[in-house]
Amino acid sequence: MQLLPIFNTAIAEQLPTASFFQLLNKDQCASIIDTYGQTKADPARIAGEVLDKKKRSATVHTVPHGEDSKWLYELISSRVAQYNQFGYEFDVAGIYQDFQLIKYEEGDHYDWHLDIGPGLASYRKLSVVIQLSSPEDYEGGELVVNAGTERVCPKDQGQIILFPSYILHKVTPVTKGTRWSLVCWVLGCRRFR
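Only a predicted model underlies this, so the values are computations on that prediction, with no experimental measurement involved.

Caption draft 1: Fine view of the sheet that holds strand β7 (residues 124-131). Overall, antiparallel pairing links the 7 strands, which are arranged β1-β11-β7-β14-β5-β4-β2 in an open sheet. Single-partner strands in this sheet number two, and they are β1 (19-22) and β2 (41-43). Between one strand axis and the next, the sheet turns through 25° on average, direction left out of account. As defined by bridge partners, β1 adjoins strand β11 (residues 159-164) across 4 bridges and the pair is classed as antiparallel. Bridge assignment links glutamine 22 to a residue of β11, and that residue is glutamine 159. Here helix α3 (residues 70-86) sits on the sheet and contacts β1, β4 (59-63), β5 (99-104), β7, β11 and β14 (179-187); the angle it forms with β7, its principal contact strand, is near 125°.

Caption draft 2: Fine view of the pattern of salt bridges. One pass over the full model with this rule turns up 4 salt bridges. With its nearest N and O atoms 3.9 Å apart, the salt bridge here joins lysine 70 to glutamate 74. Separated by 4 residues within a single helix, lysine 70 and glutamate 74 lie in helix α3, roughly one turn from each other. When the shortest N-O distance is used, the salt bridge between lysine 103 and glutamate 105 registers 3.6 Å. Judged by its relative accessible area of 35%, glutamate 105 falls in the partly exposed class.

Caption draft 3: Examining the pairing of β11 more closely. β11 sits mainly inside the fold: 6 of its 6 residues count as buried. The alternating pattern of β11 places Gln159, Ile161 and Phe163 on one face and Ile160, Leu162 and Pro164 on the opposite face, and all of these are buried. Relative to β11, β7 is paired through 5 bridges, and the arrangement is antiparallel. In the sheet register, serine 127 faces β11, and the bridge partner there is phenylalanine 163.

Caption draft 4: Unusual backbone geometry, seen in detail. In this structure, glutamate 89 takes a positive phi of about 65° despite not being glycine. By relative accessible area, glutamate 89 is classed as exposed at 61%.

Caption draft 5: Broad picture of the packing of aromatic side chains. Scanning the entire structure with this criterion turns up 7 aromatic pairs. Between tyrosine 73 and phenylalanine 99 the ring centres are 3.8 Å apart and the planes differ by 10°, which places this aromatic pair in the stacked class. Highlighted residues: tyrosine 73 in helix α3 and phenylalanine 99 in strand β5, separated in sequence by 26 residues. Using a relative accessible area of 6% as the deciding quantity, one classes tyrosine 73 as buried. With relative accessibility at 1%, the residue phenylalanine 99 sits in the buried group. Ring geometry for phenylalanine 90 and phenylalanine 192: centres 5.2 Å apart, planes at 80°, overall edge-to-face. Of this pair, phenylalanine 90 sits in the loop between α3 and β5 while phenylalanine 192 sits in the segment after β14, and the two are 102 residues apart along the sequence. Note on phenylalanine 90: relative accessible area 17%, which makes it buried. With a relative accessible area of 31%, phenylalanine 192 lands in the partly exposed category. Feature note: the residues Phe21, Tyr83, Tyr88, Phe90, Tyr166 and Phe192 constitute an aromatic cluster, connected by ring pairs.

Rules used in this analysis
- Each chain has its residues counted from 1, running along the sequence as written.
- It should be noted that, the model being predicted, local features are given only for residues of pLDDT at least 70 and side-chain atom pairs only at 80 or more, the latter also being counted only at that level, while totals for whole chains, interfaces and linings use all residues.
- Heavy atoms from the whole structure form the basis of all side-chain values; hydrogens and water molecules are not counted.
- Paired strands, in this sense, are two strands between which DSSP finds at least two bridges.
- By the criteria applied, helices consist of DSSP H or I runs no shorter than four residues and strands consist of E runs no shorter than two, each listed in order from the N terminus.
- For helices, the fitted line uses only the C-alpha atoms of the stretch in contact; every axis is such a line through C-alpha atoms, and the angle between N-to-C directions lies from 0 to 180 degrees.
- It only takes one pair of heavy atoms within 4.5 Å for two residues to be counted as in contact.
- Salt bridges are counted wherever a side-chain nitrogen of Lys or Arg sits within 4 Å of a carboxyl oxygen of Asp or Glu.
- Any residue under 20% of the maximum accessible area for its type is buried, any over 50% is exposed, and the rest in between are partly exposed; the area is computed with a 1.4 Å probe on protein chains only.
- By convention, a stacked pair of Phe, Tyr or Trp rings (six-membered ring in the case of Trp) has centres within 6.5 Å and planes under 30 degrees apart, an edge-to-face pair has planes over 60 apart, and any other such pair is tilted.

The values reported here are purely geometric and, on their own, carry no functional implication.
Here it is as structure tokens:
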């Protein structure tokens, strides 16, 4: 597999709100959806516990650590570590939770929120979102980040989007089709101080 360069002149301008680069190709995106989109799904919850469809509506599949997903965990971990080293420079330990494969269908959304919170979420340093669907497959469903100014992130298939977990963000309602994304968090050994 050919690794794509992760830096260009625009990256410095993208910090600290959100940064993005191409990570997966179309076939890899389809394979992830085909493999893990057929597994047991749960309704999306807030902080892993609260079910509130007015705030968050989607379906969550787990992509567990294992032999079949090893390539994906290694690719994302290494690329995010490289990016963090030369970009954010957060004190990170790695990815310690299973990836979430999230399916947004018509009407599904996630209102404004932060990815840091109580418990294990208090150790989250970087939020990682990978767009798995082609932008032609759905309408709406934009990932919007807000660190003082709202910014709509690219919807390119295979694009990875990184941002500090303390940045306010949302997914707008899907108005047509289905949006698939892969989500994970990079944890630190300590909380932000």
